[in-house]
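Per-entry structural report
What follows is the residue order along each chain.
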Amino acid sequence: MDLIEYYRAPTSLEEAADILRAGNVTVLAGGTDLMPQAQAGRMHFQPVLMNVRRVPELRGIAEEGGAVRIGALVTITELLESALVRERLGMLWQACDHFASDQIRNAATVGGNLCNASPAGDTLVPLLALNARVVLASKPNGTLHTRRVPLAEFLLGPGRTCRGPAELLAAVEVPLPPAGFAGEFYKHGTRPGLDIAAISIAAGARRDGALLRDVRVAFGAVAPTPIRAPRAEAALEGHPPDAATLEAAVQAALAEIHPISDLRASDWYRRELIHNMLKRVLAHVCQL
Amino acid sequence: MNETLIGKRIPKMDAPDKASGKTRYIQDLEMPGALHAKILRSTQVHARILSIDTRAAKALAGVHAVITAADVPWQRPIGVGKDHLPLKTDRVRSLRDEIAAVAADSEAIAEAALKLIRVEYEPLPVVATTLAALAPGAPLIHPEPRGADSGEHLKTAGTPVAFAGKPDNIAMTFDYAQGDVVQGEAESDVVIEDVFRLHYVTHCCMGVSGVIAEFDPGGNLLLYSNTQVPFLHKREFADLLGIDPGRIRIIQPPIGGGFGSKLDIYPFEPIAIFLAKITKRPVKLVFTREEEFVASPTRQPVLLKLRSGCRKDGTLTFRAVETVHDNGAYTSWGATTPFVMMQTISSLYRVPHCKYHTKAVYTNNPYAGSFRGYGNLQATFAVEAHMDKLAAAVGMDGLAFRLKNAQDPGEITPQGMHFKTCGFKQCLTTAAGRSDFLRKQADNRARWNDAGPVKRGIGMASMLHVGGGAKIYPSDGCGTILKIDDFAHVTLITGASEIGQGSETVLSQLVCEELGLPMSAVTVVNNDTDITPWDVGVHASRTTFIAGNSAIGAARKAKKKILDAASAKTGRKTDELGLAGGFITSNSGEKLFELAKFLRSLHFSDKADLVMTTFYYEPPSRHQDKQFKGDVSAAYAWATQVCEVEVDTQTGIVRLLKVTGAHDVGRVLNRLGIEGQIEGGIVMGQGYAITENLMVENGVMRNPNFRDYKLVTAPEIPEMDISFIETMDGEGPQGAKGVGEAPAICIAAAVANAIHNATGVRITALPFTPENVYRALNGASEPPVWSAAA
Amino acid sequence: MSANCDIAFTLNGVKRELSVPAGMSALAMLRERLGLTGTKYGCGEGECGACTILVDGMSVNSCLVFAADCDGRELVTIEGVVQSEAGERLRSAFVASGAVQCGFCTPGLMVQASHLIERHPGADETAIRRGIEGNLCRCTGYRKIIDAISAAAHEKLRSP
């Protein structure tokens, strides 16, 4: 482990932002990614370790102006226990249900999951499908400043985000899907949880008579970041959910993904899974 | 009247402490003044060591010693093949090879010191497969030694020379034959041949490996070790150090899992001993989990070609097997799994003609050790696949075909195994009956072309394993010392080690049954070679049988002594008396004397005697002869398991829904304990079949962690229906036979048959992970190909 | 070595004060600094659950918790769990059900089970299986562990 010279535990967002502005900070939230990565030498501590778990502004789940604001420190367990999330953000709730283990869910935060930016990040895939945006806080000129970035622009690559070194991820805002929207999250694995997805899918839509509207399709573990599949969405949007439409959507999706072969799966198998399971997920969703 | 303890559900005696977190495992023991040791392992798979610079490491504050092979010129090779020097001299042969070791004031300092050691390597070509190892001109893993490896400097009186090297990469070969397979094939109406590939898995004991070594001022060694064979290792460590074995004491702390992983000496224990000797301080060495994966032996991976046949009436005629065992860089028990495999090939079901050949081949891969089942999983996987295929070929159902060839009590196999008790047929009919096997099998087959991606399958497999010890060492015995104090409290001093399987509980149960005392009256003393009599060790599912008979022997001697004294006192004959409920009784149950009072009167009388007895039990089995023939165990055990699976053909995910098992265990002693062993074995078999895959590529282990090496978790376990067939073995303690390994052995074979029943596809390679299964179902996999140079 | 942090926290009901390196895990603090060896090292990366403790009433893998983050918190380890009446009943259930073999995973499972029962009294088989999915056991096959937790959970439902 590296030399940590200072340990800080700020108790307000402003204090946290001040510390960040001074530079050379590693942010600690739940620790469920930070600790194993540091032990394995996959990341190195900066001289300042800043524990944000005592910053109250980073907590809470609330509906505000047509969106659900989820504080960065909200744990996966808190998301699972939120009626608001379960009822209105079903895809996100399902992803949380497949997340690691109870012990990890109790500590892991949505902010940490976002900043870890894994290509297979469980919460990231449904958040992407739900058009989420992250709220980044900083104090560039002595006053607290926030900016909002769509999640698709926030995630740059494996482990990389557009969060600046003086910025703290304060919250994620998830616009409520339109009434009648039904979505499903699928994660490939042999276990309910405690698995890193070989592929994951978040897909949803609402019915407008015989046609599909507000179609969202997102994938995990088939590209350097979780991705939306705009061509698959276009193949479904405004169409009836019949066999031909589903097949067209799946073929479009296959053209949009760039899976790699690694020790968890080969690229060939990932493509087969997207083909088979996107159809299955869409078929489930379209029945609702 | 005292109710019998046999067959009851008796909680494990050490469970309360374990559930409170009070039990101290090797990792929890702190010796005053102990140093902490860490090992520097090779970063190359195959390389010459050009230089090792330890100066910076030695200079680090808190470091007491940094050693390499140069510091221990007297070290000797260890392991089953004696081809393995603890600290490597001129070359490394696998990625876990031990090059240097540090003893320091703390683990953190020791780890920091490791980082300061500079090693210069000259890479050598990596031999990553047995095919490459057998190719003409292949690099030799153990060439004739030069330099420090040659042992020239070790040649003092009685010192064995370091491993003499080999002209090729063949570590060991095994050959077995019964009858004449050519004749057998000629008599067959159906002949089939397949190649099977069995993969790397590893023990994953929840407690990582550790050892504490301490020399006293007189040069006597105290070793805290989780060895499963303490008395054998006492001798081996003595040879290693060139001292009298009497000067070594091994204490086995409670163990965090064994499963056969601790039946050989691995470099970390001698290295800790070397450091203790050099620093003159106690030295504690504990693995990290990654080290546990990388540096522990695996299960033996096997490439197996099976050719077998039967007549059209369903009788088996012959089996011809060739295997290639990837021996890895050094030889441990994995190479000797043929001992068990040939038993299965020759004697699981009645087969008159049989031929078996194994080549164990050196490579730069991890080496295999002994692991619960010890080759039997691999052999059974092949045999039971062929039982299904042969049955189908002659138009018989799988149950009838198996029953036709299953042995009966009293049979002696051509290999010389005498099946005095044999519940094989009952196992088959019970498991098939309770699982509704035939109807479901037919039903599933009828649904092959149904719409819907999820298919159900049911498959059956049986196993045969030793159940009364295994006479592979000079002795297969166990000693017991028993004393009863003035308060009728029994101290049972047994050579048998407790490794979490519940031996201390079942031994107490057997003794209490003889002496008519409650379980609370017994204290078991074990796991200390200075105190307990000899036992060969925990392997081959032998402990209940052998240590049980030993404990019963000592208890019966005590009982006789007590009843003889009571006879003298009462004038009744000894055989008219008994022990029950803490009393000396008449045969009609009349309470004559309270046992404790009687013992005190014996002690404080003119006779002034205590009850102290001993008994050494050696089972009536025989060593195999040079042709591997002989009745190697005093009893044999069978099980049939029926596995029901669900296969999602769009993902390849196989879920094990239910296991219906029938086990011939002789007799159920501790019902709670035996259920626990079977449930645990089933889930271990499930892991072997479906979820566990140690990925080794070019000598590198790609997933040495729990994130990507998948043990079965609680949500995945199947429903389990377990029946016991009690054949009441005449030699077994209260009729019991050994069961420790049995439940893990035929799960993979049954799952393979179940996947075939679900999909029509026979997969002959493990594991049945989703991508592997999906590829097989879609014609996108390469089935194993037989490749072994003649 | 890295900077030290002065922390004050409650451990098994007792106030403690300690100075710990900033990078130290709670697991290392418990085992090496406080001599509580009931909490086990299984993997060090949150995959096995052998190190499970309660922090502010929630079960977590102590190998992933920074010791410094324990400041101001309430920690309960296996040693504390078995001191309570509920923990004692759970322990009896584990023993009576045959849920302990080598016992190495048992403390982590006991702590996780106590948390599970507290939050879901009367939890059914499915909930229990999911509740312990983060605890690996190599010996028992989980069957009797599930039975033990089920017995204790139903006892809690009958007599909270």
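Residues numbered from 1 in each chain as written. Chains lettered and ligands numbered in written order. Predicted model: local features only at pLDDT ≥ 70, side-chain atom pairs only at ≥ 80, totals over all residues. Heavy atoms only, no water.

Here we come to the side chain of aspartate 476 of chain B. Residue and element names in this part refer to chain B. By the secondary structure assignment, aspartate 476 is in the loop between strand 16 (454-466) and strand 17 (478-484). The buried category is assigned to aspartate 476, whose relative accessible area is 0%. Looking at aspartate 476, its side chain comes within polar contact range of the main-chain nitrogen of alanine 470, at 2.8 Å. In this structure, aspartate 476 is in contact with Gly468, Gly469, Ala470, Lys471, Val536, Arg542, Ile546, Glu618 and Pro619, ignoring residues within four places of it in sequence. (Helix = DSSP H or I, 4+ residues; strand = E, 2+ residues; numbered from the N terminus. Buried < 20%, exposed > 50% of the residue type's maximum accessible area, 1.4 Å probe, protein only. Polar contact = N/O pair within 3.5 Å; in protein donor to acceptor, adjacent residues only side chain to side chain. Contact = heavy atoms within 4.5 Å.)

Here we take up the pairing of strand 22 (residues 591-594) of chain B. All names here are of chain B. Note that strand 21 (residues 583-586) and strand 22 share 3 bridges and pair antiparallel. Bridge pairing links threonine 585 to lysine 591 in strand 22. In sequence, strand 21 turns back onto strand 22 through a hairpin of 4 residues, with glycine 589 there showing a positive phi of about 95 degrees. (Pairing = 2+ DSSP bridges.)

Now for the interface of chain C and chain B. The interface is formed by 41 residues belonging to chain C together with 52 residues belonging to chain B. The junction of chain C with chain B conceals about 3,800 Å² of combined surface from both sides, 59% of it contributed by carbon and sulfur atoms. Looking at the side of chain C facing chain B, the largest losses of area belong to Gln101, Phe104 and Arg138 of chain C, adding up to 21% of the total buried there. Seen at the junction of chain C and chain B, the total is 6 salt bridges. The salt bridge partner of glutamate 45 of chain C is arginine 707 of chain B, with a shortest N-O separation of 3.5 Å. Elements supplying a minimum of two residues to the side of chain C that touches chain B: helix 2 (78-81), helix 3 (85-97), helix 4 (106-119), helix 5 (125-131) and helix 6 (143-158) of chain C. (Buried area = accessible area lost by both parts, 1.4 Å probe. Salt bridge = Lys/Arg side-chain N within 4 Å of Asp/Glu carboxyl O.)

So, on to the sheet that holds strand 11 (residues 182-187) of chain A. Residues and elements named next belong to chain A. With respect to topology, 4 strands assemble into an open sheet ordered 11-12-13-14, the strand pairing being antiparallel. A single partner strand is all that each edge strand has here, and the edge strands are strand 11 and strand 14 (227-228). Of the strand pairs in this sheet, strand 13 (residues 211-220) and strand 14 are connected by 2 bridges, and their pairing is antiparallel. Bridged to phenylalanine 219 within strand 14 is isoleucine 227.

This part covers the packing of helix 3 of chain C against helix 4 of chain C. Residue and element names in this part refer to chain C. Contact geometry for helix 3 and helix 4: axes closest at 10 Å, N-to-C directions at 125 degrees. Of the possible angle classes, the one that applies to helix 3 and helix 4 is oblique. Crossing hand, helix 3 versus helix 4: right-handed. Between helix 3 and helix 4, the residues in contact are Gly87, Leu90, Arg91 and Phe94 and Thr106, Leu109, Met110, Ala113, Ser114 and Ile117, respectively. Looking at side-chain class alone, the contact of helix 3 with helix 4 contains 6 nonpolar, 3 polar and 1 charged residues. (Axes fitted to C-alpha atoms, helices over the stretch in contact; angles between N-to-C directions. Parallel < 35°, antiparallel > 145°, perpendicular 65-115°, else oblique. Left-handed = near helix turned anticlockwise from the far one by under 90°. Nonpolar A, V, L, I, M, F, W, Y, C, P; charged D, E, K, R; others polar.)

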